[in-house]
Amino acid sequence: MSAAPTVGIRAPRPAHALFVLPFFAIYAVLLLWPLAKGVWISFHDHDLLSNDSFWVGLGNYKELWADEVFHQVVWNTLRFVAISTPIFVGLSLMLALALNRPGRLATLLRATFFCASVFSVTLVTLVWKLALMPERGLVAQAFQALGLPELPLLTSDHLALLTIALVTVWWIIGLPMILFLSALQQIPADIYEAAALDHTPRWRVLTHITLPSLKRAIVLATLIEVIRQFQVFPQILLMTNGGPNNSTRSIVQFIYEQAFMQLSLGYATAASQVLLAIMLVGVSAQLWLERDRGGAR
């Protein structure tokens, strides 16, 4: 009996590179070149108004290291990420578990939570600034109706950042919820049927079947939210403008102010490289987790 003929794999030819050349050209122009240009500018004292540029080496980074305001905005951003990310992941997971069922009510609620994330940041902040107005706002009137003292939610150094984090969660909680709903629908139904035949309690089904099956989705959602929340800017700018007393100013707002208000492009670009380094740490963590998961199979 003759062996089946084998199909050989052709070696790549230089002409094959023409198929990826358009993508690589766009990638280089829109990403690689701005990235390299940004690193180059960060080593210069670049005046955006006069377009004068002088080589300062690591001078901008040394100035950032000694800048108390930059220390404060980094700390504010870290606090914002630490507050918002666990709420995003935990609350969106609970919503996905509650709404992962057939029926018109569940469909309506899924659409309601997701539609909020479609609203523009200007609309969201306008609505919440009206709701959080002292004395006349909806929140202040609710506190008065309950006989509770009014809280300075946007004017307190301790409460302003927490308030913005909660508004952000209300705004885009639908996106991680959809991610978890998609992951829940990938779990085979026969596993739950076997658990039901064994009369397994719901808590054990949740902790031994559902949550282990969602491990990858939880890690992915956490990394996505960490990276997204490190770039927080528009809601802070529109709700508090970084106040009170710089307690809500973020890294991105600091970069914006240095570049377009102080016209110090080199200093702002150096700050953006610090933010980029933080983003790379998040991406590297994701790649490391994926490699570790692949090696454990």
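Above this text you will find the structure in question.
So, a few notes on the structure that sits alongside this text.

Each value, and the rule that gives it
- Residues numbered from 1 in each chain as written.
- Predicted model: local features only at pLDDT ≥ 70, side-chain atom pairs only at ≥ 80, totals over all residues.
- Heavy atoms only, no water.
- Patch = residues over 30% accessible without salt bridge, like charges linked within 9 Å, V, L, I, M, F, W, Y side chains within 5 Å.
- Areas by Shrake-Rupley, 256 points an atom, 1.4 Å probe, with all protein chains shown as cover.
- Salt bridge = Lys/Arg side-chain N within 4 Å of Asp/Glu carboxyl O.
- Helix = DSSP H or I, 4+ residues; strand = E, 2+ residues; numbered from the N terminus.
- 1 Å grid on protein atoms, 1.4 Å probe; cavity = no way out; pocket = protein on both sides within 12 Å on 5 of 7 lines; lining within 4 Å.
- Points joined across faces, edges and corners; volume = space filled by probe spheres on them.
- Nonpolar A, V, L, I, M, F, W, Y, C, P; charged D, E, K, R; others polar.
- Phe/Tyr/Trp six-rings, centres within 6.5 Å; stacked < 30°, edge-to-face > 60°.
- Buried < 20%, exposed > 50% of the residue type's maximum accessible area, 1.4 Å probe, protein only.
- Core = buried A, V, L, I, M, F, W, Y, C linked by side-chain atoms within 4.5 Å.
- Contact = heavy atoms within 4.5 Å.
- Lys, Arg positive; Asp, Glu negative; His and termini not counted.
- Charge placed at Lys NZ, Arg CZ, Asp CG, Glu CD.
- Axes fitted to C-alpha atoms, helices over the stretch in contact; angles between N-to-C directions.
- Parallel < 35°, antiparallel > 145°, perpendicular 65-115°, else oblique.
- Left-handed = near helix turned anticlockwise from the far one by under 90°.

This part is about a nonpolar patch on the surface. Together, Leu18, Leu21, Phe23, Phe24, Tyr27, Leu31 and Leu32 give the surface a local cluster of nonpolar side chains, amounting to about 720 Å² of exposed area. Here Leu32 lies in helix H1 (residues 17-41).

If you add up the space inside the largest pocket, you get close to 510 Å³. Secondary structure elements with two or more residues in the lining of the largest pocket: helix H3 (68-99), helix H9 (189-197) and helix H10 (202-213). Of the residues forming the lining of the largest pocket, the biggest block, five residues, is contributed by H10. Class assignment for the residues of the lining of the largest pocket results in nine nonpolar, four polar and three charged. Approximately 280 Å³ is the volume found for the second largest pocket. Contributing elements (two or more residues each) for the lining of the second largest pocket: H1 and helix H14 (265-295). Element by element, the count of residues in the lining of the second largest pocket is highest for H14, at six residues. When its residues are assigned to classes, the lining of the second largest pocket shows six nonpolar, five polar and no charged.

Here we take up the packing of aromatic side chains. Counted under the stated rule, the structure contains nine aromatic pairs. With a centroid separation of 5.9 Å and an interplanar angle of 25°, the aromatic rings of Phe23 and Tyr27 are classed as stacked. Placement of the pair is Phe23 and Tyr27 together in helix H1, with a separation of four residues, close to one helical turn. For Phe23, a relative accessible area of 60% corresponds to the exposed category. Between the aromatic rings of Phe233 and Tyr256, the centroid separation amounts to 5.5 Å while the plane-to-plane angle is 45°, which identifies the pairing as tilted. Of this pair, Phe233 sits in the loop between helix H11 (215-229) and helix H12 (234-239) while Tyr256 sits in helix H13 (residues 251-260), and the two are 23 residues apart along the sequence. Since its relative accessible area comes to 17%, Phe233 is described here as buried. A residue is classified by how much of its surface remains accessible, and Tyr256, at 33% relative accessible area, is partly exposed.

One finds Phe80, Ala96, Met177, Phe180, Leu214 and Met239 to be the most contacted residues of the largest nonpolar core, which totals 32 residues. For this core, the elements supplying multiple residues, two or more each, are H3, helix H5 (121-131), helix H7 (160-172), helix H8 (174-184), H11 and H12. Ignoring anything within four residues of it in the chain, the contact list for Ala96 reads Met177, Phe180, Leu181 and Leu184. With 18 residues, the next largest nonpolar core counts Val81, Phe254, Ile255 and Ala270 among its residues.

What follows covers a negative patch on the surface. Judged by side-chain charge, Asp45, Asp47, Asp52 and Glu63 come together as a negatively charged surface patch. Checked against the element boundaries, Asp45 lands in strand S1 (residues 44-46). Accessibility expressed as a relative area gives 40% for Asp45, which makes it partly exposed.

The next thing to look at is the packing of H8 against H11. Closest axis-to-axis distance for the H8/H11 pair is 10 Å, and the angle between their directions is 165°. Between H8 and H11, the crossing angle belongs to the class labelled roughly antiparallel. You can see that H8 and H11 cross each other, and the crossing is right-handed. Of the residues in H11, those in contact with Leu175, Pro176, Leu179, Phe180 and Ala183 of H8 are Ala217, Ile218, Leu220, Ala221, Glu225 and Arg228. Taken together, the residues of the contact of H8 with H11 break down into nine nonpolar, no polar and two charged.

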